[in-house]
Amino acid sequence: GILAVKHFGHIGSFTMQATGRMLAWWCWFSAPLLVRAQIRIMAPETLVREFESSRGRIDGSTATFGAPFYGERILGRLVYGPSRGQQHCTAEDYLVPKPEEYAVKDYSQVKLINIVLVERGTCSFVTKVKVAKEKEAHAVIIVDKVDSQLTPEQIREIIMADDGYGRDIDIPSVLISRSEGQKLIDAAKRGVAGSVVVELQWDVPTGHTVVIDMWMGSASQANFKFIKEFKPKREKLWKYIKFVPHYAVFSMEAGQDYHELCSDVTGKYCAEDPDGGGGEAGSSFTGKLVLAEDVRQLCIHELTAQVTETARESLAKLPLAPVPAFSGKWWHYTSIMLDECPLDATKSEEHKFGKACSERVMKKVGGIDVAAVERCMAQTEELKLKEQLGSVAWSPSALRINGWRYDGTMDADLVIRAVCAGFIETPPECTQLVTPRDPFKGFKAQPAGVSFGTMATSFLVMAVVCFGAMFLYKRSLSKSVHSALREEVMLEVQSQMAQYKQLES
């Protein structure tokens, strides 16, 4: 099939024709295990019997934004407010009872979270979840459109994508089929508000070790931030995790000028332009430059990843378990790379994104053979780029845990929860890294950049310092003026006295 993709940058916009391989940005290349939010019907019994064939269970697709409860089982009450015509896209469109108005028989001694049911259509998933959150939802179930013919199996293949405004969402959301969702809506309408009780869970496939596949871009600030925050957690679990880095590479039609988005004119291997300049005058950073750094980082990982004897011995009796290899040098290098080599064209070659700066950083990290990395790049560049092109994910920035697609915010704390849920026997280190979440409070992701409070405090401190400096300067100036005046007065008095003495004589 042919897919038209818009590319925007300082060079304007153009439409690039990509082959079926380009579809892999949105579709998984080998049908991985998908994150299935499991909804288990607990009450009423009449509704449980309607899902007898699935033993009371509904599997849905989890949003790529928000924070699922990985490794936990959470009980909640379902509530539904019929839409007044806006498809649950505005706060005024529907009403749901307040939490204190719920009365659930047999669950009066259990704290239940509030799960709001809404219907798909008109606005984005993010908008619907934001509106539900305003109505005190702790989780949201989105039911497919009224006229949808999608089966539950097809629904699970849908990716509930972020529309660009989902960063602040801190609750989980799930999309389910119309056939299953209509039963929940009907039950919520029939009974007393909140009388439908369900259990939410997000189970990760387990293993003796956990395999993490991460797709990224070497010039991506978002990936860089995640690596910096995840690095200390990864280091604590180095004996138990096999980490495999992948890089975002795609193909484009040959024979066109893509302003160095690709490694050459064939368009076989291309990467996103990190600054949108596309190689135009005034832009120092191109997709071609990113591809070179991608290969460099793959070589660093390949040359420095090590398997300890302890890990090898502990897994000797488990021949099917992947042996975890750890490259501390790769993590050190990638966690400082964009700080040391920013996408800033005004800086010198050794201090901006590119080969010269990369070599400086490798030497700074230490223990990386720069010459060996260069040889690896020269000898295996084609092979590595071909491998990356053949193993693209559903998004340029993605995670897979034990062969299962990770959904949710790319936050280091949330990801480590999913990782620790993936062990058959939980390592003791996980108890230090993960604490049970309060389901009644939204998940607080690590803030990106400086928070408003920090900024306000900084401005206040600066104002106090400036005021103090001005006060001291004023005092100093006042003393200087007084001293100068005193000296002038004394000189004038002395001059007058001298003249007086001359007149006397």
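This structure is a prediction, so every number in the text was calculated from the model and none was measured.

Participant: How should I be thinking about the pairing of strand β4 (residues 57–62) in this particular structure?
Facilitator: The side chains of a regular strand alternate, residue by residue, between the two faces of the sheet. In terms of residue burial, β4 counts as a mostly covered element, since five of its six residues are buried. Two elements, β4 and strand β8 (residues 173–176), share two bridges in a ladder whose sense is antiparallel. Across the sheet, residue S61 finds its bridge partner in β8, namely L175.

Participant: Please explain the state of the cysteines as it appears in this structure.
Facilitator: By definition, a disulfide links the sulfur atoms of two cysteine residues through a covalent bond. One pass over the full model with this rule turns up five disulfides. Between the sulfur atoms of C299 and its disulfide partner C376 the distance amounts to 2.2 Å. Measuring the twist about the S-S bond at about -80°, one finds the C299-C376 disulfide to be left-handed. Note that C299 is positioned in helix α6 (residues 287–304) and C376 in helix α10 (residues 370–389), a separation of 77 residues in sequence. Under the relative-accessibility criterion, C376 is labelled buried at 6%. In the protein chain, the bonded cysteines, numbered by position in the sequence, are linked as 1-2, 3-4, 5-8, 6-7, 9-10.

Participant: Got a minute to help me understand the pattern of salt bridges in this structure?
Facilitator: Pairing is possible between side chains that carry opposite charge, provided their charged atoms lie close to one another. If you walk through the whole model with that rule in mind, you get 19 salt bridges. The partner of R190 in a salt bridge is E50, and the shortest N-O contact between them spans 3.5 Å. In this pair, R190 sits in helix α4 (residues 178–190) while E50 sits in helix α1 (residues 45–50), placing the two residues 140 residues apart along the sequence. Here R190 falls in the exposed class, since its relative accessible area comes to 56%. For E50, a relative accessible area of 34% corresponds to the partly exposed category. Among the salt bridges present, the one from E302 reaches K384, with a minimum N-O distance of 2.8 Å. Linking E302 in helix α6 with K384 in helix α10, this pair joins segments that are 82 residues apart in sequence. One salt-bridge network, in which partners are shared between bridges, spans E340, R360 and K364.

The rules we used
Residues numbered from 1 in each chain as written. Predicted model: local features only at pLDDT ≥ 70, side-chain atom pairs only at ≥ 80, totals over all residues. Heavy atoms only, no water. Buried < 20%, exposed > 50% of the residue type's maximum accessible area, 1.4 Å probe, protein only. Helix = DSSP H or I, 4+ residues; strand = E, 2+ residues; numbered from the N terminus. Pairing = 2+ DSSP bridges. Disulfide = S-S within 2.5 Å. Salt bridge = Lys/Arg side-chain N within 4 Å of Asp/Glu carboxyl O.

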